[in-house]
Amino acid sequence: MSRETHVTFLGIRIARFLFLFISIILMMVLRPIMEDFIRLSILTDILFAAILISGLWAVSRRREVFVMALLAAIPALVLEWVAYFVEFPALGSLSRFFLAIFFGVTSVALLSHILKAKEVTADLIVGAASTYFLIGFLWAFVFFFLETFSPGSFHLERGQADMDSQLIYYSFVKRTNVGYGDITAATITGRSL
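Residues numbered from 1 in each chain as written. Predicted model: local features only at pLDDT ≥ 70, side-chain atom pairs only at ≥ 80, totals over all residues. Heavy atoms only, no water.

Once that is clear, we can look at the overall build of the protein chain. If you tally the helices and strands in the protein chain, you get 7 helices and 4 strands. Seen in sequence order, the protein chain has helices and strands lined up from the N terminus as β-β-α-α-α-α-α-β-α-β-α. Burial status across the protein chain gives 42% buried among its 193 residues. Partitioning the intrachain contacts of the protein chain with sequence separation of at least 6 by distance along the chain shows that 66% fall at a separation of at least 24. Here the protein chain displays about 10,800 Å² of accessible surface, and carbon together with sulfur accounts for 68% of that area. (Helix = DSSP H or I, 4+ residues; strand = E, 2+ residues; numbered from the N terminus. Buried < 20%, exposed > 50% of the residue type's maximum accessible area, 1.4 Å probe, protein only. Contact = heavy atoms within 4.5 Å. Areas by Shrake-Rupley, 256 points an atom, 1.4 Å probe, with all protein chains shown as cover.)

Next up, the structure:
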């Protein structure tokens, strides 16, 4: 690996995709565990903020991609945190729109980097795993928008977890082809997506 893809922290060289991967794993692991202890939306916002910041660092080598990702990350963060002080439901949806753009831009940038690499390294493998998760989050937001603008597009478990959690779960169940059947698409549009 080239020297510019690492950062030194406490004398340890850390590759640029590792922070992104760790923040994604923390999101996937801590969110369900801490659900009963901390208000879930605050924890989710903190973990998504960590993903945004580490994602920005992961794509920071290409200026134009970094600017596009930054232009999506800033409104996503600001809108999500403003929603705590202003009771306006559209802020959450608008924040998710910018998150979806961020995940799309970051996924394409990471996938492009992975496909152009001439040598398989540990950092490249971590980047590929991160890209897999980012695409899963992107699809969760696509499902969120479908359910928001066309309620009843999915048979969700009412009263269990919030819609975001269920659609993230559904996205990854579909990505892994497990297909438990506890959450299903109820409309033609949902099935085609």
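Here we come to the pattern of salt bridges. Going through the model one piece at a time under the given rule, you end up with 1 salt bridge. The salt bridge partner of Arg 62 is Glu 64, with a shortest N-O separation of 3.2 Å. By relative accessible area, which is 46% here, Glu 64 ends up partly exposed. (Salt bridge = Lys/Arg side-chain N within 4 Å of Asp/Glu carboxyl O.)

Two measures define how a pair of helices packs: the angle their axes make with one another and the distance between the axes. At a closest axis distance of 8 Å, the pairing of helix 5 (residues 122–149) and helix 6 (residues 163–175) adopts a crossing angle of 125°. Comparing the axis directions of helix 5 and helix 6 gives the class oblique. The hand of the helix 5/helix 6 crossing is right-handed. Facing helix 5, whose interface residues are Tyr 132, Phe 133, Ile 135, Gly 136, Phe 137, Trp 139, Ala 140, Phe 143, Phe 144, Glu 147 and Thr 148, helix 6 presents Met 163, Asp 164, Leu 167, Ile 168, Tyr 170, Ser 171, Phe 172 and Arg 175. (Axes fitted to C-alpha atoms, helices over the stretch in contact; angles between N-to-C directions. Parallel < 35°, antiparallel > 145°, perpendicular 65-115°, else oblique. Left-handed = near helix turned anticlockwise from the far one by under 90°.)

Turning our attention to a nonpolar patch on the surface. A surface patch of nonpolar side chains, amounting to about 590 Å² of accessible area, comprises Ile 74, Val 78, Val 82, Phe 85, Val 86 and Phe 88. Relative to the helices and strands, Phe 88 resides in the loop between helix 3 (63–82) and helix 4 (90–116). (Patch = residues over 30% accessible without salt bridge, like charges linked within 9 Å, V, L, I, M, F, W, Y side chains within 5 Å.)

This part covers the nonpolar core. In terms of nonpolar packing, the biggest core is built from 42 residues, with Phe 48, Ile 51, Phe 102, Phe 103, Phe 137 and Phe 154 touching the most fellow members. Take this core: its biggest share by element is 10 residues, from helix 5. (Core = buried A, V, L, I, M, F, W, Y, C linked by side-chain atoms within 4.5 Å.)

Attention shifts here to unusual backbone geometry. Even without being a glycine, Asn 177 presents a positive backbone phi close to 60°. Along the polypeptide, Asn 177 turns up in the loop between helix 6 and strand 4 (184–185).

The final tally for this structure, using the stated rule, is 19 aromatic pairs. Arranged with centres 5.3 Å apart and planes meeting at 50°, the rings of Phe 19 and Trp 57 form a pair that is tilted. Residue Phe 19 is located in helix 1 (residues 16–34), and its partner Trp 57 is located in helix 2 (residues 40–58); the two are separated by 38 residues in the primary sequence. Note on Phe 19: relative accessible area 33%, which makes it partly exposed. Here the aromatic cluster, defined as three or more aromatic residues joined through ring pairs, consists of Phe 21, Phe 48, Phe 102, Phe 103, Tyr 132, Phe 133, Phe 137, Phe 141 and Phe 172. It is Arg 175 that lies over the ring of Tyr 132; its NZ or CZ is 4.1 Å from the centre. (Phe/Tyr/Trp six-rings, centres within 6.5 Å; stacked < 30°, edge-to-face > 60°. Lys NZ or Arg CZ within 6 Å of the ring centre and 35° of its normal.)

This brings us to the environment of Leu 146. Along the polypeptide, Leu 146 turns up in helix 5. For Leu 146, a relative accessible area of 13% gives the class buried.

Next up on the list: the environment of Thr 44. Relative to the assigned elements, Thr 44 resides in helix 2. With 13 residues separating them in the primary sequence, Thr 44 and Arg 31 have C-alpha atoms 6.8 Å apart. Excluding its chain neighbours within four sequence positions, the residues that come into contact with Thr 44 are Met 27 and Arg 31.

Let's shift gears to the environment of Gly 55. Within the fold, Gly 55 resides in helix 2. Remark: the alpha-carbon pair of Gly 55 and Phe 19, spanning 36 residues in sequence, is separated by 8.1 Å. If we ignore the near neighbours within four places in the chain, the residues touching Gly 55 are Leu 20, Phe 102 and Thr 106.

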